[in-house]
Amino acid sequence: MNLIFLGAPGAGKGTLATQLGKEYEIPQISTGDIFRSAVKEGSELGRKVQGIMEKGELVPDALTVELVKERLTLQDVQNGYILDGFPRTIAQADALAAFQKIDMVINFKISDDVVIRRLSGRRVCRSCGAIYHVENMPPKVEGKCDKCGGELYTRDDDTIESIKNRLRVYKEQTEPLIAYYSGEGLLRDIDSATSPEHSLAQIKSLVK
Ligand code: AP5
Ligand code: MG
């Protein structure tokens, strides 16, 4: 199964891609995670994208597409994959269609209010990337990852200005993909405003 998780920032794409990927033994490919590790390493790519990400703007299409193309040549995608946060523009979707066959696009439906609440309370593990929320999904020990003991931090783009800008960018550049994939007959909606367990059950009933 080649899947795309489509949805606003904070819709729960990363949380659910981790859970489904583990259960189905297919990789979660998050362009956001790839860019964040490049920033952490201080590589040339990292230096290029750091400022763009902090503001909540999109990294240029050509750069992003090239990166995904390369990632999809690795052996671990043989039985399928989950694209989390890619494509995000019509140009990216067209480029992807030229070299991959997508089986289904899961559209995470959510309101702006819930997004703002979720992103304002999000914490991420600096070592393994596990995602928490101070109220909804708190770690057992404050500030420490349950899985690896790593330090939890707040992403640089989880400031209120950047969240608002990401929502605006999503509406302008990514939301048109709903009609795009609906036209291809690939789009399936889930209600993402409920618990992660309920979101997972909805996705599993679609992906059977
Ligand atoms: P990216 O990392 O993809 O960020 P995003 O799209 O803004 O999405 P998020 O990761 O913020 O949200 P999510 O849907 O994964 O939610 P999560 O599961 O964490 O991209 C970052 C940046 O990189 C972009 O702004 C851009 O600059 C660049 N970039 C990336 N891809 C690009 C591309 N293709 N083209 C160009 N630029 C690109 O959940 C959020 C919170 O809610 C967590 O705290 C979680 O614990 C909590 N939560 C999740 N689900 C639930 C639930 N069901 N109930 C209660 N709480 C929940
Ligand atoms: Mg994410």
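Residues numbered from 1 in each chain as written. Chains lettered and ligands numbered in written order. Predicted model: local features only at pLDDT ≥ 70, side-chain atom pairs only at ≥ 80, totals over all residues. Heavy atoms only, no water.

## A closer look at the site of ligand 1
And step 1. Lining the immediate surroundings of ligand 1 are 35 residues, of which Thr15, Glu57, Arg88, Arg122 and Arg166 lie closest.
And step 2. Here an oxygen atom of ligand 1 sits 3.2 Å away from a polar atom, N or O, in the main chain of alanine 11.
And step 3. Within the side chain of glutamine 92, an N or O atom sits 2.9 Å from a nitrogen atom of ligand 1.
And step 4. Contributions of two or more residues to the shell around ligand 1 are made by α1 (13–24), α2 (31–41), α6 (112–120) and β6 (131–133).
And step 5. When residues in the shell around ligand 1 are grouped by element, the largest group, four residues, is from α2.
And step 6. Of the residues belonging to the shell around ligand 1, the class tally is 13 nonpolar, 13 polar and nine charged. (Near = heavy atom within 4 Å. Polar contact = N/O pair within 3.5 Å; in protein donor to acceptor, adjacent residues only side chain to side chain. Helix = DSSP H or I, 4+ residues; strand = E, 2+ residues; numbered from the N terminus. Nonpolar A, V, L, I, M, F, W, Y, C, P; charged D, E, K, R; others polar.)

## Let's talk about the sheet that holds strand β5 (residues 122–125)
And step 1. One open sheet holds the three strands; their spatial order is β6-β5-β7, and the pairing between them is antiparallel. The open sheet has two edge strands with one neighbour each: β6 and β7 (152–153).
And step 2. Two strands pair when backbone bridges link them, and β5 and β6 are joined in this way by three bridges, in the antiparallel orientation. Within the sheet, the bridge partner assigned to arginine 122 lies in β6 and is histidine 133. (Pairing = 2+ DSSP bridges.)

## Side note on the packing of α1 against helix α9 (residues 196–207)
And step 1. α9 packs onto α1 with a crossing angle of 50° between their chain directions and a minimal axis gap of 10 Å. Taken together, α1 and α9 sit at an angle that is classed as oblique. Remark: the crossing between α1 and α9 carries right-handed chirality. In this structure, α1 contributes Leu16, Gln19, Leu20, Glu23 and Tyr24 to the contact, and α9 contributes Pro196, Ser199, Leu200, Ile203, Lys204 and Val207. (Axes fitted to C-alpha atoms, helices over the stretch in contact; angles between N-to-C directions. Parallel < 35°, antiparallel > 145°, perpendicular 65-115°, else oblique. Left-handed = near helix turned anticlockwise from the far one by under 90°. Contact = heavy atoms within 4.5 Å.)

## Observations regarding the nonpolar core
Looking at soluble globular proteins, one finds that nonpolar side chains tend to be buried together.
And step 1. By size, the foremost hydrophobic cluster in this structure holds 23 residues, and its most contacted members are Phe5, Ile106, Phe108 and Ile203.
And step 2. The set of elements that each furnish at least two residues to this core consists of β1 (2–7), α1, β4 (104–109), α6, α7 (160–174) and α9.
And step 3. Excluding anything up to four places from it in sequence, phenylalanine 108 contacts Phe5, Leu6, Gly7, Ala11, Gly12, Lys13, Leu16, Ile190, Ser192 and Ile203. (Core = buried A, V, L, I, M, F, W, Y, C linked by side-chain atoms within 4.5 Å. Buried < 20%, exposed > 50% of the residue type's maximum accessible area, 1.4 Å probe, protein only.)

## Describing the environment of valine 134
And step 1. Along the chain, valine 134 turns up in the loop between β6 and β7.
And step 2. We classify valine 134 as partly exposed; its relative accessible area is 42%.
And step 3. For the pair formed by valine 134 and arginine 122, sequence separation is 12 residues and the distance between their alpha carbons is 6.5 Å.
And step 4. Other than its neighbours up to four places away in sequence, valine 134 contacts Gly121 and Arg123.

## Focus: the pattern of salt bridges
And step 1. Applying the stated criterion across every chain, the model contains 13 salt bridges.
And step 2. For arginine 36, the salt bridge goes to aspartate 33, with nearest N and O atoms at 2.8 Å. With arginine 36 and aspartate 33 both in helix α2 and three residues apart, this pair spans about one turn of that helix.
And step 3. One salt bridge connects arginine 126 with glutamate 151, and the closest N-O pair in it is separated by 3.0 Å. Placement of the pair is arginine 126 in the loop between β5 and β6 and glutamate 151 in the loop between β6 and β7, with a sequence separation of 25 residues.
And step 4. Using a relative accessible area of 40% as the deciding quantity, one classes arginine 126 as partly exposed.
And step 5. A single network of salt bridges, built from pairs that share partners, joins Arg122, Arg155, Asp157, Asp158 and Arg166. (Salt bridge = Lys/Arg side-chain N within 4 Å of Asp/Glu carboxyl O.)

## Observations regarding helix α5 (residues 90–97)
And step 1. Residues of α5 that are buried: Gln92, Ala93 and Leu96. Along the long axis of α5, the arc covered by the buried residues comes to 100°, so they all point the same way. (Arc of directions from axis to C-beta.)

## What to know about α7
And step 1. For α7, which comprises 15 residues, the first-to-last C-alpha distance of 20 Å matches the rise-based estimate of 21 Å (1.5 Å per residue) to within 8%.
And step 2. Taken together, the buried residues of α7 touch β1, α3 (44–55), β4, α6, β5 and α8 (176–183). (Expected span 1.5 Å × (residues − 1).)

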